[in-house]
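# Understanding the architecture of this molecule
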Amino acid sequence: MPEIVLANLGFVVARVALASAVFVAVMVPFGVLASPWGALGAIAVQLVAGVAFAGPIYAFAASSDNEQGFTVIFRVLLLPLFLFSGGFFPVSNLGPALETAAAFTPLFHATELTRSLMIGTTETGPALVHLAYLAALAAVGVALSIRALQRRLVR
């Protein structure tokens, strides 16, 4: 049973790797990259972030009886995540309460870590916190996915 989940998530990782590599390749001519190692690190972070998102969504999909819940996930979870990620404007513009709330979202951690790796401002402590958060979410998501699929196939 875990093989099915891991194969599906492996496909997600392959797609994220391709998209991330193309994105980095497009950025090279603009001189945005601080170093090649930072770019490779950013791609690795995107792979972890991809699993951190795909795992919980896979678990939801495996336990759902219809597709109506995906509309709610998109509108209530994913759209606000983009607003609180710091990708479009600094999170400090949100105010203290929302800035604190943003620090609990996975896309914020992925954005902060990727940005710091790409421009060469990575500090070890915050980078480890961002990476640990994403890795923990990915691990929980994979475990929940395996459990949800096993329940689904046994019913």
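The structure presented is a predicted model; accordingly, all values stated were derived computationally and were not measured.

## Considering the UniProt feature "transmembrane region" (unreviewed entry) in the chain
Per the UniProt annotation, the sites labelled "transmembrane region" (unreviewed entry) are residues 12-33, 39-60, 72-91 and 127-149. A helix fraction of 100% and a strand fraction of 0% characterise residues 39-60, whose end C-alpha atoms lie 32 Å from each other. Secondary structure over residues 72-91 splits into 60% helix and 0% strand, and the C-alpha atoms at its two ends are 24 Å apart.

## A few points about the UniProt feature "domain: ABC-2 type transporter transmembrane" (unreviewed entry) in the chain
What UniProt calls "domain: ABC-2 type transporter transmembrane" (unreviewed entry) maps, in this numbering, to residues 2-118. Helix makes up 77% of residues 2-118 and strand 0%. Its end C-alpha atoms lie 34 Å apart.

## Quick word on the packing of aromatic side chains
For any pair of aromatic rings, the description rests on two quantities: the centre-to-centre distance and the angle between the ring planes. For the structure on display, the rule yields one aromatic pair. Their ring planes at 85° and their centres at 5.3 Å tell us that F60 and F70 sit as a pair that is edge-to-face. Of the two residues, F60 is situated in helix α2 (residues 36-63) and F70 in helix α3 (residues 68-83); the sequence distance between them amounts to ten residues. Overall, F60 belongs to the partly exposed group, its relative accessible area being 28%. Taking relative accessible area as the criterion, F70 reaches 31% and is therefore assigned partly exposed.

## Details of the packing of helix α1 (residues 2-27) against helix α6 (residues 124-154)
Packed helix pairs are specified by the crossing angle of their axes together with the interaxial distance, meaning the distance between the axes. Packing of α1 against α6 brings their axes to within 9 Å, and their N-to-C directions diverge by 130°. Considering their axes alone, α1 and α6 lie oblique with respect to each other. Two packed elements cross with a definite hand, and for α1 against α6 that hand is right-handed. Residues P2, I4, V5, L6 and L9 of α1 lie in contact with α6, whose contacting residues are V142, S145, I146, L149, Q150 and L153. Along the lines of polarity and charge, the residues of the contact of α1 with α6 split into nine nonpolar, two polar and no charged.

## Section: the pattern of salt bridges
Opposite charge on two side chains permits them to pair, given that their charged atoms come into close proximity. Evaluated as defined, the whole model comprises two salt bridges. With its nearest N and O atoms 3.2 Å apart, the salt bridge here joins R152 to D65. Pair noted here: R152 is in helix α6 and D65 is in the loop between α2 and α3, with a separation of 87 residues, a long-range link. E112 is the partner of R115 in a salt bridge, and the nearest nitrogen-oxygen pair spans 3.5 Å. Here R115 and its partner E112 are both found in helix α5 (residues 106-119), three residues apart, which amounts to about one turn of the helix. By relative accessible area, R115 is classed as partly exposed at 35%. Take E112: its relative accessible area is 27%, and that puts it in the partly exposed class.

Analysis parameters
- Residues numbered from 1 in each chain as written.
- Predicted model: local features only at pLDDT ≥ 70, side-chain atom pairs only at ≥ 80, totals over all residues.
- Heavy atoms only, no water.
- UniProt positions renumbered as here; feature names shortened; annotations may be inferred.
- Helix = DSSP H or I, 4+ residues; strand = E, 2+ residues; numbered from the N terminus.
- Phe/Tyr/Trp six-rings, centres within 6.5 Å; stacked < 30°, edge-to-face > 60°.
- Buried < 20%, exposed > 50% of the residue type's maximum accessible area, 1.4 Å probe, protein only.
- Axes fitted to C-alpha atoms, helices over the stretch in contact; angles between N-to-C directions.
- Parallel < 35°, antiparallel > 145°, perpendicular 65-115°, else oblique.
- Left-handed = near helix turned anticlockwise from the far one by under 90°.
- Contact = heavy atoms within 4.5 Å.
- Nonpolar A, V, L, I, M, F, W, Y, C, P; charged D, E, K, R; others polar.
- Salt bridge = Lys/Arg side-chain N within 4 Å of Asp/Glu carboxyl O.

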